[in-house]
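# Breakdown of the fold
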Amino acid sequence: MKDAIKKIQMIMLLGFAFALVACDPSEETANETGTDPLNVVTTIAQIGEPLSVIGGDYIHVESLMGPSVDPHLYSPTQSDMSKIGDADLIIYNGLNLEANMVEVFDAISETKPVLAVGDAINEKDLLTDEEGSIDPHIWFDLDLWQEALDSAVEALKIYQPEYADYFEANKQEYFAELAEVKQEAEKLADIPTSQRILVTAHDAFGYFGRMHDMEVIGLQGLSTNSEIGISDINQTIAIIKEHQVPAIFVESSINPNAIEAVIAGAENEGISLKLGGQLYSDAMGEAGTEEGSYLGMYRHNIETIYHALSEGME
Ligand SMILES: [Zn+2]
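Since the model is a prediction, treat every value here as computed from it, not as a measurement.

## Some details on the overall build of the protein
When its secondary structure is counted, the protein shows eleven helices and eight strands. Taking all 314 residues of the protein together, 47% fall into the buried category. Put simply, the protein shows about 15700 Å² of open surface, and 51% of that area lies on carbon and sulfur atoms.

Structure representation (structure tokens):
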């Protein structure tokens, strides 16, 4: 009888020990204070990656759109829906970039905080196309993106107020590095004016062109949901010929066919036109690489454009 009781006690103790292991707070929290990190879900990594730097251990960020994903055409998967369901805070670009996700975000905003960073930008600073559609690629204006990230950090402070000072300090540090990138971009002004023309697959670089005084030509419009016609290709070749543009660029999230067609067409007309390299437009590089960070991707684009277009410079 005594042995049986001992056995039961032993089993209970073991069970208690297991329960303790299962509830080990160090397993559930990444930070030292034992607070659960704020669970943040973003669409594009241009939002998520800087926030993971600024939020440190006090937030957990997941970006739904990985490398080479086209946000214009992206629809949420089943696993995205469960991540959105588990999130404490959802942050997206807005301005109709994530066209197929707006409905989901509108619905979920009834039950949890959802922020579109594009809404933080003053309307007068936004670019529009001939039809009046707003250009959503605001991360290519370093000043506007700083404002956008600032609004996202304010949201972190609201939902994780005990670390507001920590977020603010990290943000200031991050913005200092952003200012360095802005300075590095000044070299683009050394490209001869006539060659300062950026030809890419779609109109993602409008803000980049405005900021760095470059003319921008995209084979497709602001979104990628339209067809590219032969006339678009021929028109582009004519501009390249007129301005003696030395190189054009593919984008990591866009099929390179159209850009390759322009190069082949130019060759047929005896124009020497090079592929200047791959730019990161709507998607960043692999996480953990230089191009997998917002500032790294921006630096990559500056260097790639500078090298390809400054060719033949005195
Ligand atoms: Zn785009």
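## Focus on the side chain of Lys171
Looking at the secondary structure, you find Lys171 in helix H7 (residues 164–184). Note on Lys171: relative accessible area 5%, which makes it buried. Setting aside its immediate chain neighbours within four residues, Lys171 contacts Ile54, Asp150, Val153, Glu154 and Lys157.

## Focus on the packing of H7 against helix H11 (residues 294–309)
Relative orientation of the contacting elements H7 and H11 amounts to 5°, with a least axis distance of 10 Å. Our classification of the angle between H7 and H11 gives roughly parallel. Of H11, the residues touching H7 (which contributes Tyr174, Glu177, Leu178, Glu180, Val181 and Glu184) are Tyr294, Leu295, Tyr298, Arg299 and Ile302. Looking at the contact of H7 with H11 residue by residue, the class counts come to seven nonpolar, no polar and four charged.

## A short note on the coordination of the zinc ion
Donor atoms from the polypeptide that bind the zinc ion are His72 (NE2), His137 (NE2), His202 (NE2) and Asp282 (OD), placed at 1.9 to 2.0 Å. Taken together, the four donor atoms coordinating the zinc ion and their angles of 94 to 127° define a geometry best described as tetrahedral. When the donors of the zinc ion are listed by position in the chain, the intervening gaps give H-x64-H-x64-H-x79-D. Note that His137 is positioned in the loop between strand S4 (114–116) and helix H6 (142–159) and His202 in strand S5 (residues 197–202), a separation of 65 residues in sequence.

## Considerations on the pairing of S5
In terms of residue burial, S5 counts as a mostly covered element, since six of its six residues are buried. A crossover links S5 with its parallel partner strand S6 (residues 215–220), the connecting element being helix H8 (residues 206–212), and its sense is right-handed.

## Side note on the confidence of the model for the protein
Regions with low pLDDT should not have their predicted coordinates read in detail. Averaged over the protein, the pLDDT score is 90; the fraction of residues at 70 or greater is 89%. A low-confidence stretch, residues 4–29 (pLDDT under 50), is modelled with six contacts involving residues beyond four sequence positions or located in other chains.

## Focus: the sheet that holds strand S3 (residues 89–92)
The strands that make up a sheet are held in pairs by hydrogen bonds between backbone atoms, and each pair lies either parallel or antiparallel. Reading across the sheet, the four strands line up as S2-S1-S3-S4 and stay open at both edges, with parallel pairing between neighbours. The outermost strands of the open sheet, each flanked by one partner alone, are strand S2 (59–65) and S4. Averaged over neighbouring strand pairs, the angle between their axes works out to 20° when direction is ignored. Pairing between S3 and S4: three bridges, direction parallel. Bridge pairing in S4 links Ile91 to Leu115. Strands in contact with helix H3 (residues 45–55) are strand S1 (38–44), S2 and S3; relative to S2, the strand with the most contacts, it is inclined by about 165°.

## What to know about the pattern of salt bridges
Evaluated as defined, the whole model comprises 13 salt bridges. What emerges from the salt-bridge pattern is a single network uniting Asp150, Glu154, Lys157, Glu168 and Lys171.

## Remarks on H3
Think of an α-helix as 3.6 residues a turn; residues three or four steps apart then line up on the same face. When you tally the buried positions in H3, you get nine out of eleven residues, the bulk of the element. Three or more residues of H3 are buried, namely Ala45, Gln46, Ile47, Gly48, Glu49, Pro50, Leu51, Ile54 and Gly55. Taken together, the buried residues of H3 touch S1, S2, S3, H6, H7 and H11. Positioned one or two residues after H3, Gly56 has a phi angle of 55°, which is positive.

Rules of the game
Every chain begins its residue count from 1, and numbering advances along the sequence as written. In keeping with the predicted nature of the model, local features appear solely for residues at pLDDT of at least 70, side-chain atom pairs appear and are counted solely at 80 or more, and the whole-chain, interface and lining totals rest on all residues. Remark: hydrogens and water are excluded; side-chain values derive from all non-hydrogen atoms of the structure. Secondary structure is summarised from DSSP: a helix means a run of H or I of at least four residues, a strand means a run of E of at least two, and numbering begins at the N terminus for each. Exposure is judged per residue with a 1.4 Å probe applied to protein chains only, and the accessible area is read against the type maximum: over 50% gives exposed, under 20% gives buried, and values in between give partly exposed. Note that accessible areas follow from Shrake-Rupley with a 1.4 Å probe, and for residues the cover is restricted to the protein chains shown. By the convention used here, residues are in contact when the closest approach between their heavy atoms is within 4.5 Å. To obtain each axis, a line is fitted to C-alpha atoms, and for helices this fit is confined to the stretch in contact; angles are then taken between N-to-C directions over 0 to 180 degrees. Angle categories are assigned with fixed cut-offs, so that under 35 degrees is roughly parallel, over 145 is roughly antiparallel, 65 to 115 is roughly perpendicular, and the rest are oblique. Each residue is assigned to one of three groups, with Ala, Val, Leu, Ile, Met, Phe, Trp, Tyr, Cys and Pro labelled nonpolar, Asp, Glu, Lys and Arg labelled charged, and all others, Gly among them, labelled polar. Water is absent from the atoms considered, so a metal site may look incomplete; donors are defined as N, O and S atoms within 2.8 Å of the metal, or 3.2 Å for Na, K and Ca. Square planar and octahedral assignments, for four and six donors respectively, both demand that opposite donors be over 155 degrees apart and that all other angles lie between 65 and 115; tetrahedral needs four donors with all angles between 85 and 135 degrees, and anything else is irregular. Consider the strands pointing away from the viewer: the crossover is right-handed when the path from the first strand over the helix to the second runs clockwise. pLDDT: the predictor's confidence for each residue, scored from 0 to 100. We treat two strands as partners when DSSP finds at least two bridges between them. Throughout this description, the term salt bridge denotes a Lys or Arg side-chain nitrogen within 4 Å of a carboxyl oxygen of Asp or Glu.

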